[in-house]
Number of protein chains: 2
Amino acid sequence: MTMKLKDLALHLGLSQTTVSRALNGYPEVKESTRILVNEAAARLGYRPNASARMLATGRAGAIGMVLRGSEEFGPHTSEFLGGLGGRLAEEEVDILVTTVDSYQDELAAYRRAAASRKVDAMVLHSPKLFDERAQLLFDLKVPFVLHGRTDIGKEVAWFDIDNQGAVERATSHLLDLGHRRIALLNGVKGRTFAEHREAGYRLALSSRDLPVEAALMTNSTFTDEVAFRLAQSMLEQNHRPTAFLAGSMMTALGVFRAIRQAGLELGSDVSMIAHDDVFPYLNADNMYPTMSTTRSSIRQAGIRIAELLLQLLAGKPAGAIHEEWPVELVLRQSTAAPRPIAPAKAYSAS
Amino acid sequence: MTMKLKDLALHLGLSQTTVSRALNGYPEVKESTRILVNEAAARLGYRPNASARMLATGRAGAIGMVLRGSEEFGPHTSEFLGGLGGRLAEEEVDILVTTVDSYQDELAAYRRAAASRKVDAMVLHSPKLFDERAQLLFDLKVPFVLHGRTDIGKEVAWFDIDNQGAVERATSHLLDLGHRRIALLNGVKGRTFAEHREAGYRLALSSRDLPVEAALMTNSTFTDEVAFRLAQSMLEQNHRPTAFLAGSMMTALGVFRAIRQAGLELGSDVSMIAHDDVFPYLNADNMYPTMSTTRSSIRQAGIRIAELLLQLLAGKPAGAIHEEWPVELVLRQSTAAPRPIAPAKAYSAS
DNA sequence: AGAAAAATTGAAATCGCTTTGAATATCCGC
DNA sequence: GCGGATATTCAAAGCGATTTCAATTTTTCT
């Protein structure tokens, strides 16, 4: 079997107590013995048994996350995980992932994760305006950081990006260019970020006394395929949109395809601004034409949330952990002033 | 605090022993008391403390995975995780994820994961022909299932798809159509799957006595961007390829862009067969033109690997766990016979 | 009915680590 | 060179489950 504390202590001729303290950096152990202990531990490859330690200390050394299988499980998640895990690894904390298929399973999964004590805290993703999962975790007294925002009438820790501001600025820019029919391909209805984006969209329009047209707003998951269908049907409409706000780079890909298939050209016939979560394998700068984006690295968000989690575990009150990051608007080739539209042509032809 | 076994036992007027046995389905407890216990446990919301249980039983109830951050961390991973986690969840096993940035960190991460006893087994991804990580886990006596294959001269459990056969068939098909300059955009050199794919490619060519041209084979990560660059430079060559074998759907996207940017058309000027890991947000059928693929669901692979892990933990010898799945070749619009090429035109013009 | 067998239940040890409270060494000033 | 800090070290008591071995009931069989 592998070496345990007892063996190490025996080997050193010391008590478990002293060895344990030496390894954990307690002050009441002589410097020389600490060195001795550390050296021996390293040489013999001693590693404390995580469960035993946890049982004794009550801390699990892990952060929990529940991933909903099919639906919203995509590239966003892996990028986020990369950031989160990278930062947590520095503190020797790892990530316990539970995957679920249905929403019902999801609540159960949170309950299970909380009760098993395998995690010290959790991260909650794309919450709804009123999020039951957050409510549940709050009631269960499980520390958690929200990636997004929710209002359950309690003090919860959250990190979010300025979705509303981003979309408002993007919309305004398109309006400035002269666009009047701007489609918003938004996320699933009810999610806070989607609502915030819609709010930004509406704000930009209403501040110029322009009407909001329901036919130009859709809510769906961010996949290439769905976006393709939605954009396609929009482009077939009588008054087709002249510009698209795509909720993610995947969405942008789908819209792009629809535009091309309709025989139109992105950057001249139609404009687009996509939200870019910064995936290393989908670079807006390398697209053709290059894509204008509202940009905010989801990986950086992961890193920051890891830090907030650590603060939370260190005792900082949840109510004191609120952070909103701004979103950049990066203009590239996919945005341009709209062409004189069809009706004009029709008149001259008649 | 939350309810523990002792409390539950006290509440029921039974001993911890009996309660524990009742809950864990041991046969030596009277049916009536078992019902009583289960009922009370459910009503009071009792959940065993995972660490305590683990300490006592020695099983962690978790599977470990190490994800390399920046590089190969993408959509493949999340799909795979979805499958793996879904199946494992049925057995109340969860996934402990560690993320690392450098390769050096990676070995250390495996060592750490193994020593901490937080996981019962691990999954190892895209191994090299001789994989040090596999070697390490083997030496550490940590049970693991390889997603892919390696040869470390030991009995290891693995699951893989028939990469060689898939590429051989795809290449043969392109050859049948008349293509002679077929580019292979392969994965990172040294990874077993990439080597197998190359072997399949070579086999198809050599079985018709056709030469293999180094300029037509590249090795890189599977990202849209890299693929775009590679394809672009290939298309600028004197004898440009008339067909592409793309290592993944991301790669295909990049190649597609390069083709279009070169003023060529996919499905007529150039053909392509991409390997499709079946991402819900990138459907080959919905692309334009629809994409011919070699298809094998990475999510299904995850599910199957979960089962193999469970078998491994149940005591099945690693040497008895080998599984190779076939890969479908699905032909769609992106493949066609090559056009009569430039030189012909040149002659007639002179 | 009484002994042996089978079915249930319990007390206590154990898993490997942390930590409290007591014990022993080492240091200080005078 | 001695009493009282001050530093170090240790023995033993948890942490919350499982499990061994023994004790107690209940059944079964003559």
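The structure displayed is predicted, hence computed values, not measured ones. (Residues numbered from 1 in each chain as written. Chains lettered and ligands numbered in written order. Predicted model: local features only at pLDDT ≥ 70, side-chain atom pairs only at ≥ 80, totals over all residues.)

Caption draft 1: Representation of the overall build of chain A within the structure. Scanning chain A from terminus to terminus reveals 13 helices and 12 strands. Its C-alpha radius of gyration of 26 Å places chain A more than 25% over the 20 Å reference for a compact globule of 350 residues. Dimensions of chain A, computed from C-alpha atoms along their principal axes, come out at roughly 100 × 40 × 30 Å. Scored against the burial criterion, the 350 residues of chain A give a buried share of 48%. A sequence separation of at least 24 residues applies to 67% of the contacts in chain A between residues at least 6 apart. (Helix = DSSP H or I, 4+ residues; strand = E, 2+ residues; numbered from the N terminus. Rg over C-alpha atoms; globule rule 2.2 N^0.38 Å. Buried ≥ 20, exposed ≤ 12 C-beta atoms within 10 Å, placed from the backbone. Contact = placed C-beta atoms within 7 Å.)

Caption draft 2: Here's a closer look at the sheet that holds strand E5 (residues 157-161) of chain B. Strand order in the open sheet made by the 12 strands is E11(A)-E5(A)-E4(A)-E3(A)-E1(A)-E2(A)-E2(B)-E1(B)-E3(B)-E4(B)-E5(B)-E11(B), with mixed pairing throughout. A single partner strand is all that each edge strand has here, and the edge strands are strand E11 (322-325) of chain A together with strand E11 (322-325) of chain B. Ignoring which end each strand starts from, the neighbouring axes of this sheet average 20 degrees apart. Strand direction decides the pairing type here: strand E1 (residues 62-68) of chain A and strand E2 (residues 94-100) of chain A, joined by seven bridges, are parallel. When the sheet's bridge partners are listed, Met65(A) is paired in E2(A) with Val97(A). The sheet strands contacting helix H12 (residues 298-313) of chain A are E1, strand E3 (121-125), strand E4 (144-147), strand E5 (157-161) and E11 of chain A, and the helix crosses E5(A) at an angle near 165 degrees. (Pairing = 2+ DSSP bridges. Axes fitted to C-alpha atoms, helices over the stretch in contact; angles between N-to-C directions.)

Caption draft 3: Region of the structure containing the protein's contact with DNA strand C. Taken together, 26 residues lie near DNA strand C, and Lys4(A), Leu5(A), Ser20(A), Ala56(A) and Ser15(B) sit nearest. The set of elements that each furnish at least two residues to the surface near DNA strand C consists of helix H1 (5-12), helix H2 (16-23) and helix H4 (50-57) of chain A together with helix H2 (16-23) and helix H4 (50-57) of chain B. Tallying contributions element by element places H4(A) first for the surface near DNA strand C, with five residues. Broken down by class, the residue content of the surface near DNA strand C amounts to nine nonpolar, 11 polar and six charged. (Near = placed C-beta within 6 Å. Nonpolar A, V, L, I, M, F, W, Y, C, P; charged D, E, K, R; others polar.)

Caption draft 4: Structural detail: the protein's contact with DNA strand D. Taken together, 25 residues surround DNA strand D, and among them Lys4(B), Leu5(B), Ser20(B), Ala52(B) and Ala56(B) come closest. Those elements that place two or more of their residues in the surface near DNA strand D are H2 and H4 of chain A together with H2 and H4 of chain B. Sort the elements by how many residues they give to the surface near DNA strand D and H4(B) lands first, with five residues. Considered class by class, the residues forming the surface near DNA strand D number nine nonpolar, 11 polar and five charged.

Caption draft 5: Layout of the packing of helix H6 (residues 103-116) of chain A against helix H7 (residues 132-139) of chain A. All names here are of chain A. With their axes 10 Å apart at the nearest point, H6 and H7 run at an angle of 20 degrees to one another. With respect to H7, the axis of H6 lies roughly parallel. Regarding H6 and H7, the two cross each other, and that crossing is right-handed. Judged by residue contacts, Glu106, Leu107, Tyr110, Arg111 and Ala114 of H6 engage Glu132, Arg133, Leu136 and Leu137 from H7. (Parallel < 35°, antiparallel > 145°, perpendicular 65-115°, else oblique. Left-handed = near helix turned anticlockwise from the far one by under 90°.)

Caption draft 6: Structural context of the interface of chain B and chain A. Counting from both sides, the interface comprises 45 residues of chain B and, opposite them, 46 residues of chain A. For the side of chain B that touches chain A, the secondary-structure elements that each account for two or more residues are H4, helix H5 (75-90), strand E2 (94-100), helix H6 (103-116), helix H10 (224-236) and helix H11 (249-261) of chain B. Among the elements that take part in the side of chain B that touches chain A, H5(B) stands out by supplying eight residues, more than any other. Of the residues that constitute the side of chain B that touches chain A, the class distribution is 20 nonpolar, 17 polar and eight charged. Here E2(A) runs beside E2(B); their pairing, made up of three bridges, is antiparallel. Counterpart to Leu96(A) in the pairing with E2(B) is Leu96(B).

Caption draft 7: How the structure looks around helix H8 (residues 163-177) of chain B. Residue and element names in this part refer to chain B. Given a rise of 1.5 Å per residue, 15 residues ought to cover 21 Å, and the 21 Å separating the end C-alpha atoms of H8 matches this to within 8%. For H8, the complete set of buried residues consists of Asn163, Gln164, Ala166, Val167, Glu168, Ala170, Thr171 and Leu174. Two residues or fewer after H8 comes Gly178, characterised by a positive phi angle close to 115 degrees. (Expected span 1.5 Å × (residues − 1).)

Caption draft 8: Here's a closer look at the relation of the copies chain B and chain A. By a simple turn and slide, chain B fits onto chain A: the slide is 0.0 Å along the axis, the RMSD is 0.0 Å, and the turn is 180 degrees. Viewed as a symmetry operation, the transformation between the two copies matches a two-fold axis. Same-surface contact between copies: 100% of interface residues of chain B are shared with the interface of chain A. (Least-squares fit on C-alpha atoms with pLDDT ≥ 70 in both.)

Caption draft 9: Here's a closer look at the sheet that holds strand E6 (residues 182-186) of chain B. Residues and elements named next belong to chain B. Taken in spatial order, the six strands of this open sheet run E7-E6-E8-E9-E10-E12, and their pairing is mixed. If you trace the sheet from one side to the other, it starts and ends with strand E7 (217-219) and strand E12 (328-330), each paired once. Across the sheet, the axes of successive neighbouring strands diverge by a mean angle of 15 degrees, strand direction being ignored. Bridging between E6 and strand E8 (residues 243-246) involves four bridges; their strand directions are parallel. Across the sheet, the residue bridging to Ile182 is Ala243, located in E8. H11 rests against E6, E8 and strand E9 (271-276) of the sheet, and its axis sits at about 155 degrees to E9.

Caption draft 10: Molecular detail of unusual backbone geometry. Located in the positive-phi region is Ser126(A), a residue other than glycine, with phi close to 20 degrees. On the secondary structure map, Ser126(A) appears in the loop between E3 and H7. What makes Ser126(A) partly exposed here is the crowd of 19 C-beta atoms within 10 Å. The backbone of Val278(B) shows a phi angle near 65 degrees, a positive value even though the residue is not glycine. On the secondary structure map, Val278(B) appears in the loop between E9 and strand E10 (292-295).

Caption draft 11: Looking closely at the environment of Gly85(B). Considering the arrangement of structural elements, one finds Gly85(B) in helix H5. Residue contacts for Gly85(B): discarding those within four places in its chain leaves Leu67(A), Val97(A), Thr98(A), Thr99(A) and Ile95(B).

Caption draft 12: How the structure looks around the pairing of E5(B). Residues and elements named next belong to chain B. Most of E5 is tucked away, with five of its five residues classed as buried. The side-chain alternation of E5 yields two buried faces, one formed by Ala157, Phe159 and Ile161 and the other by Trp158 and Asp160. The pairing of strand E4 (residues 144-147) with E5 spans three bridges and is classified as parallel. Residue pairing across strands places Leu146 opposite Trp158, the latter belonging to E5. Both E5 and E11 contribute to a ladder of four bridges, which runs parallel.

Geometric descriptors of this kind do not, in isolation, establish any biological role.
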